[in-house]
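Now for the letters of each chain:
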Amino acid sequence: MLVSAIVRRNAQIWGDWDAIIEPGRLTWSWDGLDRRTNQLARGLAELALGVCARLAVLAPNCSEHLEHFFAEATSGVIGAPMNIRLTQEELTAYCNYIQPTAMVAHASLSDLARDVAADVPGLEHLIGMGGDHGFDVDLDELAGDQADTAPGIAVSDTDVYQLAESRGTTGVSKAFALTHRNCWASISCYLADLTIGERETALQNIPLFFNPGGPAHVHPALVKGGRSVILPGFEPGAFCKAVPEFEVNHTILVPTMVTMVLEHPAAADTDFSTLRSVISGGSPISRELLIDARNAFGDVFFPHYGMA
């Protein structure tokens, strides 16, 4: 099983249904996302990024993260989303550790990307997206010049799909490899624990550079034909607005986020009744906070403990 099978299958079954919503910016249908995936995969191949080449991604939460997740799965390119909260020196050290052939960077981080790239000897391509980035290669132009049919690149489920950044307890960034098979195992674990129905909605609150490819709760809802609502970052008022607006069914809130939502003035008047699962992790959730959260959201909390 390949991660790319998710978008290809869903395009065949639920082609016109929403796959990704970035409020105020764009909406991808499953058919549109499948075509975009193929174009991006072909564009990466045009840059001579073959199977097992490494692509660093430096971007805040945006739809392009999911586009890349599927394009990398289709092309065999290994994605490496990077923690945008790290310093230039930390990002440079991490890039020299993972040795990417190319980096795709959001326009809002273009200056940082240039500074990092200048000290990464093996980096051959700097690709910009999301606005006026000033790079020689633009992601939309690169994809737009390609055919939207499957590129037919041979990929195995034992191939590495993503490099997930982890700081561990030492403070030194490292990467752990996720194969397609790893990601499907993670998806299966989520689906075993959570009752996720067809075409339900997941709201992405945590950074998409964190444990990509399944563990970050990106793919489990999508594998059932659901849609992912992506906000640029977590803000409790925006969360309270998004849940009823998009009838959100599944999300992740670490305990600090839960507290922020409960303390926000909008929470008292927000209808959270569509929520079916709220995963909480990152730190223990206290008994008192869990009781307060259940009173507000319902009995929908699933405390998780994860290890890489």
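Residues numbered from 1 in each chain as written. Predicted model: local features only at pLDDT ≥ 70, side-chain atom pairs only at ≥ 80, totals over all residues. Heavy atoms only, no water.

Colleague: Just checking my understanding: could you explain the pairing of strand β6 (residues 125-129) for this structure?
Modeller: The two faces of a sheet get side chains in turn, since along a regular strand they alternate between them. Taking burial as the measure, the five residues of β6 include four buried ones, the bulk of the element. Pairing of strand β5 (residues 102-106) with β6 involves five bridges; the strand directions are parallel. Paired with V104 across the two strands is I127, which belongs to β6. Since β5 and β6 lie parallel, the crossover through helix α5 (residues 110-117) that links them has a hand, and here it is right-handed. Where β6 and strand β7 (residues 137-138) come together, two bridges link them in parallel fashion. (Buried < 20%, exposed > 50% of the residue type's maximum accessible area, 1.4 Å probe, protein only. Helix = DSSP H or I, 4+ residues; strand = E, 2+ residues; numbered from the N terminus. Pairing = 2+ DSSP bridges. Right-handed = clockwise from strand over helix to strand, strands pointing away.)

Colleague: Is there a simple way to think about the pattern of salt bridges in this case?
Modeller: Where charged atoms from two side chains of opposite charge approach closely, those side chains can pair. Overall, the coordinates contain 12 salt bridges when judged by the stated rule. Note that D148 is salt-bridged to R35, the shortest N-O span being 2.8 Å. Taken together, the positions of D148 in the loop between α6 (139-144) and β8 (160-166) and R35 in helix α2 (residues 30-46) put the pair 113 residues apart, joining distant regions of the chain. Using a relative accessible area of 28% as the deciding quantity, one classes D148 as partly exposed. Exposure remark for R35: the relative accessible area of 37% places this residue in the partly exposed category. (Salt bridge = Lys/Arg side-chain N within 4 Å of Asp/Glu carboxyl O.)

Colleague: What should I look at first to understand helix α7 (residues 180-193) in this one?
Modeller: An α-helix turns once per 3.6 residues; consequently, residues spaced three or four apart project the same way. For α7, which comprises 14 residues, the first-to-last C-alpha distance of 20 Å matches the rise-based estimate of 20 Å (1.5 Å per residue) to within 8%. Against α1 (4-13), α3 (63-75), β8, β9 (174-179), α8 (219-222) and β13 (277-280) lie the buried residues of α7. (Expected span 1.5 Å × (residues − 1). Contact = heavy atoms within 4.5 Å.)

Colleague: What's the story with helix α11 (residues 287-297) in this structure? I'm lost.
Modeller: Among the residues making up α11, those that are buried are L289, L290, A293 and F297. For α11, the angular spread of buried residues about the axis comes to 95 degrees, placing them on one side. Turned more than 90 degrees off the buried face of α11, the exposed positions are R287, E288 and N295. Buried residues along α11 sit in contact with α9 (236-246), α10 (255-263) and β14 (301-303). At the C-terminal side of α11, G298 shows a positive phi close to 100 degrees. (Arc of directions from axis to C-beta.)

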